Amino acid sequence: MAAYPVVCSPPGSGLRAVLYQACGARGVGPAVALEASAADAVAGLAARGLGVAVLGDSMADAYRDRLTAHVIADAHVPALLALVRRPARNPALCALLTHCRRAFGANTTGPGPDDRPGTRG
């Protein structure tokens, strides 16, 4: 991968940090040619031939008609996706949290005790 220009998210993003950690573990540095904040923009730049894109699985799947995905199988750096919120209590937030927990497989029983309206947390 070090031999190709790379299109990826900007410094400070989770995917960029994972890329740098994985490359550093192998003693190589990616040749970042272009940066874009939106994954769609990263994929679009790669589709135009401006570099190889570093994308998550879902984005790579979404662009299979224009890009060929190659899994970086020997990269064993964990990535974390987090939903961060301020402590607000309202029915819409409770519904969103319930949906996210079900979609991402955590606490599938519904809102936690701190997520119900009128509770402190």
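In every chain, residue numbers begin from 1 and rise along the written sequence. Selection of residues for local features in this predicted model requires a pLDDT of at least 70, selection of side-chain atom pairs for listing and counting requires 80 or more, and totals for whole chains, interfaces and linings are taken over all residues. For side-chain calculations, the full set of non-hydrogen atoms in the structure is used, while hydrogens and water are omitted.

Moving on, we get to the sheet that holds strand β3 (residues 52–53). When DSSP finds two or more bridges between a pair of strands, those strands are recorded as paired. To qualify as a helix, a DSSP run of H or I must reach at least 4 residues; to qualify as a strand, a run of E must reach at least 2; elements of each kind are numbered from the N terminus. Strands sit in the order β2-β1-β3 across an open sheet of three strands; the sheet is parallel. The open sheet has two edge strands, β2 (31–35) and β3, and neither has a second partner. Of the strand pairs in this sheet, strand β1 (residues 5–8) and β3 are connected by two bridges, and their pairing is parallel. Across the sheet, Val 6 pairs through a bridge with Val 52, a residue of β3.

A few words now on the confidence of the model for the protein chain. pLDDT runs from 0 to 100 and stands for how confident the predictor is about each residue. Across the protein chain, the average pLDDT comes to 80, with 83% of residues at or above 70. By mean pLDDT, the top-scoring element of the protein chain is β1 (94), and the lowest-scoring one is helix α4 (residues 91–104) (84). Should any heavy atoms of two residues lie within 4.5 Å, those residues are considered in contact. This stretch, residues 107–111, has a pLDDT under 50; its non-local contacts, to residues over four places away or in other chains, come to 10 contacts.

Quick look at the pairing of β1 now. With four bridges joining them, β1 and β2 adopt parallel strand pairing. Along β2, the bridge assignment pairs Val 6 with Val 32. Classification remark: right-handed applies to a crossover when, strands pointing away from the viewer, the course from the first strand over the helix to the second runs clockwise. Read from β1 through helix α1 (residues 14–25) to β2, the crossover connection turns out right-handed.

Time to look at helix α2 (residues 39–47). Since the α-helix turns once every 3.6 residues, residues separated by three or four places project in the same direction. Residues of α2 that are buried include every one of Val 42, Ala 43, Gly 44 and Ala 46, and no others. Residues of α2 that are buried sit in contact with β1 and β3. Positive backbone phi, at 85°, marks Gly 49, one or two positions downstream of α2. Relative accessibility thresholds used throughout: buried, under 20% of the residue-type maximum; exposed, over 50%; partly exposed, between the two (1.4 Å probe, protein chains only).

Time to look at the pattern of salt bridges. Here, a salt bridge means any Lys or Arg side-chain nitrogen found within 4 Å of an Asp or Glu carboxyl oxygen. The tally for this structure, following the rule as stated, stands at two salt bridges. Among the salt bridges present, the one from Arg 16 reaches Glu 35, with a minimum N-O distance of 3.0 Å. With Arg 16 in helix α1 and Glu 35 in strand β2, this residue pair connects regions lying 19 residues apart in the sequence. Measuring nitrogen to oxygen at the nearest pair gives 2.9 Å for the salt bridge that ties Arg 64 to Asp 61.

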